[in-house]
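Letter by letter, the chains look like this.
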Amino acid sequence: MPSQKLHLVPLGGLGEFGMNCMAVRYGDDIIVIDAGLMFPESELLGVDIVVPDITYLIQNREKVRGIVLTHGHEDHIGALPWVLTELKVPVFGTEFTLALVENKLEEHDLLDDADLREIRAGSRFNLGPFTINPIQVTHSLVDCVALAIHTPLGVVIHTGDFKVDPTPTDNRLFDLHTFAEYGKEGNVLVLMQDSTNAERRGYTPSERAVRGKFDEIFARADRRLFISCFSSSIHRIKLAFEMAREYKRKVALVGRSMTEAAEIAMDLGYFDVPEGVLIHPGQIKDFAPQQVCVMISGTQGEPMSALSRAAVDSHKHARIEKGDTVVLSSRIIPGNEKGIYRMIDHLFRREADVIYDDGSNPPVHVSGHASQEEQKLIMNLVKPKFFIPIHGEYRQLRIHADMARSMHGSVGQVLMLESGDVMEFDELGARKIEKVTVGRICIDSGSRTDVVEDLVIKDRRHLSEDGFVLPIIAINKLKGTVESIPEIVMRGFAAGSEEGFVREARRIVSATLDGSTPEEKADYGVIKEKIRADLKRFIVKTTSRRPLIMPVILEI
């Protein structure tokens, strides 16, 4: 009988979109599955990216044996630069995934010290007491795997992001056979499955379903054609190149992320570009409009992305003119709606023909995640003793869990976890035993060191809502006397009658100074706090607002 207990510890991605990170622990050995980031909501003012709090891993750093990646999307690999500064452990991933990781680590000057190890679907490898079998799955990205982790208590299957695509464009088929084999053997302890599309009935269409719409678009477009998709959507980029060749158009890659991903895919042989098809962005103007197709990054309306700049006519090479066709071949990520529709408005102002995902058929975009019938298929094949929905907001996890509970005969017990919960397994069953520290680490300007504390976010929100008031007081250093009338500076704070407000605020500050002893005036910390408290009381009483009040003492 196994003497140790198995722990599953989600550090992110359960109850939120992004930041996917799961720790699997048996005894004194931990492996980490994925290390993703998430893009900030609008209330995280000035924050560029959000990564998971890995306090649990740092506290157990000597037990961490490695990080295993399921695929190369940002919500699965984006936090690696921050994780690897804390943990010097090997990173395992497929060829394409590691190529994306290399680019990311090189940006942060971490590549030379990184230990990257390539894995292949179907080739098992050992990590501490775990034997890991990567299983080929299909998704919107290439070279994606699910992980079957053999432990002394049974097999833990982590699907990663997947959909069951019967006709993938790279002809690397979803390995249903291996999932069925595990189900036949009957020793699958836990199935952890992607919940992103748990609300969507039926099946997710194949990547090839987009071809019909692309064919229609290429046939109809009589001027320049701009196609924007997620830069990691290699299937979609490959399709655009194939259609461009068919319709005798040159292709220019515009935008750093688009160029990098396409170059990696070409280097690794995911698609071939016939000679003379690919042109430099600077050559776009040298060809007639009907001979050009531009692959451009920026589907989510990011302010400095190539497409956003082209939409307001401020891109060096990509000029969108009347009659051009712009295709947004991607979904709208929740939270990005405003930026995307603002960008689409700008494109319409340029009198372009804009095509985006409006639910019409054939589709201009298909999801990379499994819908309900595919999720049921995997459950039926695997027949796990325990089922845990992962990757999604709470409603999606809950809907997925309820669906699993209805699968009598295929799924044993259904367990609901959120980030930070520790689920313990032994020969007697499973139970939640504790919560570990989890949370969000906010990063400014994409560097590894600019961590934004909660207090800073709070101050930014405070400033954005109520502005600030600066009472400036000049005090004679030698005599301890106030040298002039206090100055009141306000920004972002509407006080009604500004002149009357400033006069009264000066009177309050003067009264506070007059009522303070020479010792209090000499102690700037004390006098600042007294001024702040009295002024706050006055402002709240007269305006019901709470601006940030920061007294400034000038020594003369």
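Just so we're clear, the structure is a prediction, and the values are computed from it rather than from any experiment.

Can you help me understand the overall build of the chain in this one?
In terms of regular secondary structure, the chain is built from 16 helices and 28 strands. Across the 556 residues that make up the chain, the buried fraction comes to 53%. Counted over contacts in the chain with a minimum sequence separation of 6, partners at least 24 positions apart contribute 71%.

Can you help me understand the sheet that holds strand S17 (residues 325-328) in this one?
Strand pairing in a sheet relies on backbone hydrogen bonds. The paired strands run either parallel or antiparallel. Spatially, six strands are ordered S15-S14-S16-S13-S17-S18 in an open sheet, and the strand pairing comes out parallel. Each having just a single partner strand, strand S15 (278-279) and strand S18 (353-355) make up the two edges of the open sheet. Here two bridges tie strand S14 (residues 250-254) to S15, and the two strands are oriented parallel to one another. Across the sheet, residue Val251 finds its bridge partner in S15, namely Leu278. Strand contacts of helix H7 (residues 234-246): strand S13 (225-228), S14, S15 and strand S16 (292-296), with the helix running at about 150° to S14, the strand carrying the most contacts.

How should I be thinking about the environment of Asp313 in this particular structure?
Inspection of the secondary structure assignment puts Asp313 in the loop between helix H9 (306-311) and S17. For the pair Asp313 and Glu393, spaced 80 residues apart in sequence, the C-alpha separation works out to 37 Å. Excluding anything up to four places from it in sequence, Asp313 contacts Arg319 and Arg350. Here Arg319 takes part through its side chain, which lies 2.7 Å from a polar atom of the side chain of Asp313.

What is the right way to look at the packing of helix H4 (residues 95-107) against helix H8 (residues 256-267) in this model?
The relative placement of two packed helices comes down to the angle between their axes together with the axis-to-axis distance. Orientation of H4 relative to H8, taken along the N-to-C sense of each, is 135°, at an axis distance of 10 Å. The angle between the axes of H4 and H8 places the two elements in the oblique class. For the pair H4 and H8, the crossing hand works out as right-handed. Along its contact with H4, which presents Phe96, Ala99, Leu100, Asn103 and Glu107, the element H8 presents Arg256, Glu260, Ala261, Ile264 and Ala265. Among the residues making up the contact of H4 with H8, the classes are represented as six nonpolar, one polar and three charged.

Mind showing me how you'd approach the pattern of salt bridges here?
Should their charged atoms come close, side chains of opposite charge can pair. Under the counting rule described, the total for this entry stands at 37 salt bridges. Between Glu216 and Lys213 there is a salt bridge, and its shortest N-O distance comes to 3.6 Å. On the criterion of helical spacing, the pair formed by Glu216 and Lys213 is a turn pair, its members being three residues apart in helix H6 (residues 210-220). Here Arg506 and Glu487 are joined by a salt bridge, their closest N and O atoms 3.4 Å apart.

So what exactly am I meant to see when it comes to helix H16 (residues 524-543) here?
Given 3.6 residues to a turn, an α-helix orients residues that are three or four positions apart in the same direction. Between its terminal C-alpha atoms H16 stretches 27 Å, which fits the 28 Å expected from 20 residues at 1.5 Å a residue. Taken residue by residue, H16 has Ile527, Ile531, Leu535, Phe538 and Ile539 as its buried positions. The buried residues of H16 occupy an angular sector of 95° when the element is viewed end-on, so they sit on one face. H16 presents Arg537 and Lys541 as exposed residues on the side facing more than 90 degrees away from its buried surface. Ser544 sits one or two residues past H16 and shows a positive phi near 60°.

Where do I start with a negative patch on the surface in this structure?
A cluster of acidic side chains, namely Glu102, Glu106, Asp109, Asp112 and Asp113, defines a negative patch on the protein surface. Within the secondary structure, Asp109 sits in the loop between H4 and strand S7 (116-118). In this structure Asp109 comes out as exposed when scored by relative accessible area, which is 67%.

I keep staring at the nonpolar core and nothing clicks. Help me out?
Note on soluble globular proteins: their nonpolar side chains tend to be buried together. Judged by nonpolar contacts, the single largest core of 126 residues is most densely connected at Leu57 and Phe425. Looking at which element gives the most residues to this core, the answer is H7, with seven residues. Phe425 has contacts with Lys5, Leu6, Leu8, Leu153, Leu189, Val190, Phe386, Ile388, Leu415 and Ala430, leaving out every residue within four places of it along the chain. Membership of the second largest hydrophobic core comes to 22 residues, among which are Val254, Ile284, Leu307 and Leu328.

So what exactly am I meant to see when it comes to the sheet that holds strand S9 (residues 130-137) here?
Across the sheet, seven strands lie side by side as S8-S9-S10-S11-S12-S19-S20; this open sheet has mixed pairing. Edge positions in the open sheet fall to strand S8 (125-127) and strand S20 (413-414), since each of these has one partner strand only. Where strand S10 (residues 144-151) lies against strand S11 (residues 154-158), five bridges are found, and the strand directions are antiparallel. Residue pairing in the sheet places His150 in a bridge with Val155 of S11. Contacts from helix H5 (residues 176-185) reach S9, S10, S11 and strand S12 (188-194), with the element oriented near 135° to S9. Its contacts with the sheet place helix H12 (residues 394-405) against S12, strand S19 (386-390) and S20, and it is angled at close to 155° to S19.

I'm lost on the side chain of Thr204 in this one. Help?
Within the secondary structure, Thr204 is located in the loop between S12 and H6. One polar contact links the side chain of Thr204 to the main-chain carbonyl oxygen of His369, over a distance of 2.6 Å.

Please clarify how the side chain of His391 should be interpreted in this entry.
Locating His391 in the fold gives a position in the loop between S19 and H12. One polar contact links His391 to Asp161, side chain to side chain, over a distance of 3.0 Å. Filtering out sequence-adjacent residues up to four positions away, His391 remains in contact with Gly13, Leu14, Asn20, His76, His158, Gly160, Asp161, Asp194, Ser195, Thr196 and Leu397.

Even after reading the chapter, I still don't get the packing of aromatic side chains, so can you show me in this structure?
The description of an aromatic ring pair uses the distance of the two centres, along with the angle that the planes make with each other. Counted by the stated rule, this structure contains 10 aromatic pairs. Summarising the aromatic geometry, the rings of Phe92 and Phe125 are spaced 5.0 Å apart at their centres and angled 15° between planes, so their arrangement reads as stacked. Of the two residues, Phe92 is situated in strand S6 (residues 91-93) and Phe125 in strand S8; the sequence distance between them amounts to 33 residues. In terms of burial, Phe92 and Phe125 fall into one category: buried. One aromatic cluster is present, formed by Phe162, Phe174 and Phe179 through successive ring pairs. Seen from the ring of Phe17, Arg331 lies directly overhead, with NZ or CZ sitting 5.8 Å from the centre.

Got a minute to help me understand empty space enclosed by the protein in this structure?
A water-sized probe, rolled over the atoms, reveals where empty space remains. Inspection of every chain in the model, using the stated rule, returns two cavities of 30 Å³ or more. Roughly 70 Å³ of volume is contained in the largest cavity. Lining the largest cavity are 13 residues, with Val137, Thr138, Leu141, Asp170 and His235 positioned closest to its centre. Among the residues forming the lining of the largest cavity, the class breakdown is five nonpolar, four polar and four charged. If you add up the space inside the second largest cavity, you get close to 40 Å³. Residue composition of the lining of the second largest cavity, by class: five nonpolar, four polar and no charged.

Definitions and limits used
Residues numbered from 1 in each chain as written. Predicted model: local features only at pLDDT ≥ 70, side-chain atom pairs only at ≥ 80, totals over all residues. Heavy atoms only, no water. Helix = DSSP H or I, 4+ residues; strand = E, 2+ residues; numbered from the N terminus. Buried < 20%, exposed > 50% of the residue type's maximum accessible area, 1.4 Å probe, protein only. Contact = heavy atoms within 4.5 Å. Pairing = 2+ DSSP bridges. Axes fitted to C-alpha atoms, helices over the stretch in contact; angles between N-to-C directions. Polar contact = N/O pair within 3.5 Å; in protein donor to acceptor, adjacent residues only side chain to side chain. Parallel < 35°, antiparallel > 145°, perpendicular 65-115°, else oblique. Left-handed = near helix turned anticlockwise from the far one by under 90°. Nonpolar A, V, L, I, M, F, W, Y, C, P; charged D, E, K, R; others polar. Salt bridge = Lys/Arg side-chain N within 4 Å of Asp/Glu carboxyl O. Expected span 1.5 Å × (residues − 1). Arc of directions from axis to C-beta. Patch = residues over 30% accessible without salt bridge, like charges linked within 9 Å, V, L, I, M, F, W, Y side chains within 5 Å. Areas by Shrake-Rupley, 256 points an atom, 1.4 Å probe, with all protein chains shown as cover. Lys, Arg positive; Asp, Glu negative; His and termini not counted. Charge placed at Lys NZ, Arg CZ, Asp CG, Glu CD. Core = buried A, V, L, I, M, F, W, Y, C linked by side-chain atoms within 4.5 Å. Phe/Tyr/Trp six-rings, centres within 6.5 Å; stacked < 30°, edge-to-face > 60°. Lys NZ or Arg CZ within 6 Å of the ring centre and 35° of its normal. 1 Å grid on protein atoms, 1.4 Å probe; cavity = no way out; pocket = protein on both sides within 12 Å on 5 of 7 lines; lining within 4 Å. Points joined across faces, edges and corners; volume = space filled by probe spheres on them.

Any link to function would need more than the numbers given here.
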